[in-house]
Amino acid sequence: MAKLSYHGHSACTLETDDGTKLVIDPFFADNPATELTVDDIEADYILVSHGHFDHFSDCIPLAKRTGATVIGTFELVSFCGEKGVESGHGMNIGGAHDFPFGRVKLTPALHTGSVAGDDSGTHTTDCAGFLIEFGGKRFYHAGDTALIMDFQLLKGRVDVALLPIGDNFTMGPEDAARAVEMIQPKVVIPIHYNTWPVIAQDPEEFRRKVGSAAEVRVVEPGDSYEF
Ligand code: NI
Ligand code: MN
């Protein structure tokens, strides 16, 4: 079994069937949705969708503490290297790579970019999502994104999808439900909502909008989902 542990906002740990721990969008210290800190988290790999603080702020501390390999866009991984992270694997959108645990592809995301902590401003970078395939399972973390036609490229290729529903900074429930229609995952888990008042959403409203298009699993921060 694979296990997804949700830490609130976009942060989660995906443990693959072989026990590899992938931490996606680490955001703990300033994350109102969790009491966890980087000291509580184990990681073999850290995947970062983009450089905004609410996805990236604990990446470098977690990588330094655990020795985990950081996976993300080339510029973001290079920035981590400049800050003393020893292991990184830079990629770019549309590219995939076979890691020991499985295959990771960076997918398009439409969102703005800056890198928290980059005082030089030279690492401004595009944003990505992650399609992760391991042991015959297909997992998709959309990162921060608007509703984009590119979702159609994922049609029928995703078993479990994590989609932002918070609105304001990303898709809201209505657009996320349209994304579900395009992607047609078996299971969809809403993320990136209720962290702050500006992205307050009722996940049951999202469930109603999705209807029979996919199974909606609402996973609360601190809870997990096995598949
Ligand atoms: Ni963002
Ligand atoms: Mn965000």
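Here the structure is a predicted model, which means the values were calculated and not measured.

Analysis parameters
- Residues numbered from 1 in each chain as written.
- Chains lettered and ligands numbered in written order.
- Predicted model: local features only at pLDDT ≥ 70, side-chain atom pairs only at ≥ 80, totals over all residues.
- Heavy atoms only, no water.
- Helix = DSSP H or I, 4+ residues; strand = E, 2+ residues; numbered from the N terminus.
- Rg over C-alpha atoms; globule rule 2.2 N^0.38 Å.
- Buried < 20%, exposed > 50% of the residue type's maximum accessible area, 1.4 Å probe, protein only.
- Contact = heavy atoms within 4.5 Å.
- Salt bridge = Lys/Arg side-chain N within 4 Å of Asp/Glu carboxyl O.
- Pairing = 2+ DSSP bridges.
- Axes fitted to C-alpha atoms, helices over the stretch in contact; angles between N-to-C directions.
- Domains from an automatic or database assignment.
- Buried area = accessible area lost by both parts, 1.4 Å probe.
- Polar contact = N/O pair within 3.5 Å; in protein donor to acceptor, adjacent residues only side chain to side chain.
- Nonpolar A, V, L, I, M, F, W, Y, C, P; charged D, E, K, R; others polar.

Things to note about the overall build of the chain
Of regular secondary structure, the chain possesses 5 helices and 14 strands. Over its C-alpha trace the chain gives a radius of gyration of 16 Å, about what one expects of a compact globule, namely 17 Å for 227 residues. Taken over the C-alpha atoms alone, the chain extends approximately 45 × 40 × 35 Å along its principal axes. Counting across all 227 residues of the chain, residues that qualify as buried make up 53%. Partitioning the contacts of the chain with sequence separation of at least 6, the portion at a separation of at least 24 is 57%.

Side note on the pattern of salt bridges
Once their charged atoms are close, side chains differing in charge can pair, the charge on each being opposite to the other. Enumeration over the complete set of coordinates arrives at 11 salt bridges. Across the salt bridge formed by Lys21 and Glu15, the nearest N and O atoms sit 4.0 Å from each other. A relative accessible area of 27% places Lys21 in the partly exposed class. Among the residues examined, Glu15 registers a relative accessible area of 25% and is labelled partly exposed. Measuring nitrogen to oxygen at the nearest pair gives 3.1 Å for the salt bridge that ties Glu42 to Arg65. Taken as a pair, Glu42 in the loop between β3 (21–24) and β4 (45–47) and Arg65 in helix α2 (residues 59–66) lie far apart in primary sequence, 23 residues in all. Under the relative-accessibility criterion, Glu42 is labelled partly exposed at 46%. It is possible to trace a salt-bridge network through shared partners that takes in Asp202, Glu205, Arg208 and Lys209.

Considerations on the pairing of strand β7 (residues 96–99)
Bridge count for β7 against strand β8 (residues 102–108) is 4 bridges, and the pairing is antiparallel. Each bridged residue has a counterpart across the sheet, and for Phe99 the counterpart in β8 is Gly102. Turn length for the β7-β8 hairpin, with the two strands adjacent in sequence and antiparallel, is 2 residues.

Comments concerning the sheet that holds β7
Within the open sheet, the 7 strands sit side by side as β7-β8-β9-β10-β11-β12-β13. Their pairing is mixed. This sheet does not close on itself; its edge strands, each paired only once, are β7 and β13 (215–216). Two elements, strand β12 (residues 187–191) and β13, share 2 bridges in a ladder whose sense is parallel. Note on β13: the bridge partner recorded for Val188 is Val216. Sitting on the sheet, helix α4 (residues 173–183) touches β10 (137–141), β11 (160–164) and β12, and the angle it makes with β11 is about 155 degrees.

Some remarks on the domain arrangement of the chain
Domain boundaries in the chain define domain 1 (10–136) and domain 2 (146–218). Counting from both sides, the interface comprises 15 residues of domain 1 and, opposite them, 13 residues of domain 2. For the pair domain 1 and domain 2, the two sides together bury roughly 990 Å², of which 68% comes from carbon and sulfur. Where domain 1 touches domain 2, the interface holds 0 salt bridges. Counting every contact that joins domain 1 to domain 2 gives 4 residue pairs in polar contact (both at pLDDT 80 or more). Mapped by element, the contributors of at least two residues to the side of domain 1 that touches domain 2 are α1 (53–56) and β8. Considering each element in turn, the side of domain 1 that touches domain 2 owes the most residues, 3 residues, to α1. Residue composition of the side of domain 1 that touches domain 2, by class: 8 nonpolar, 6 polar and 1 charged.

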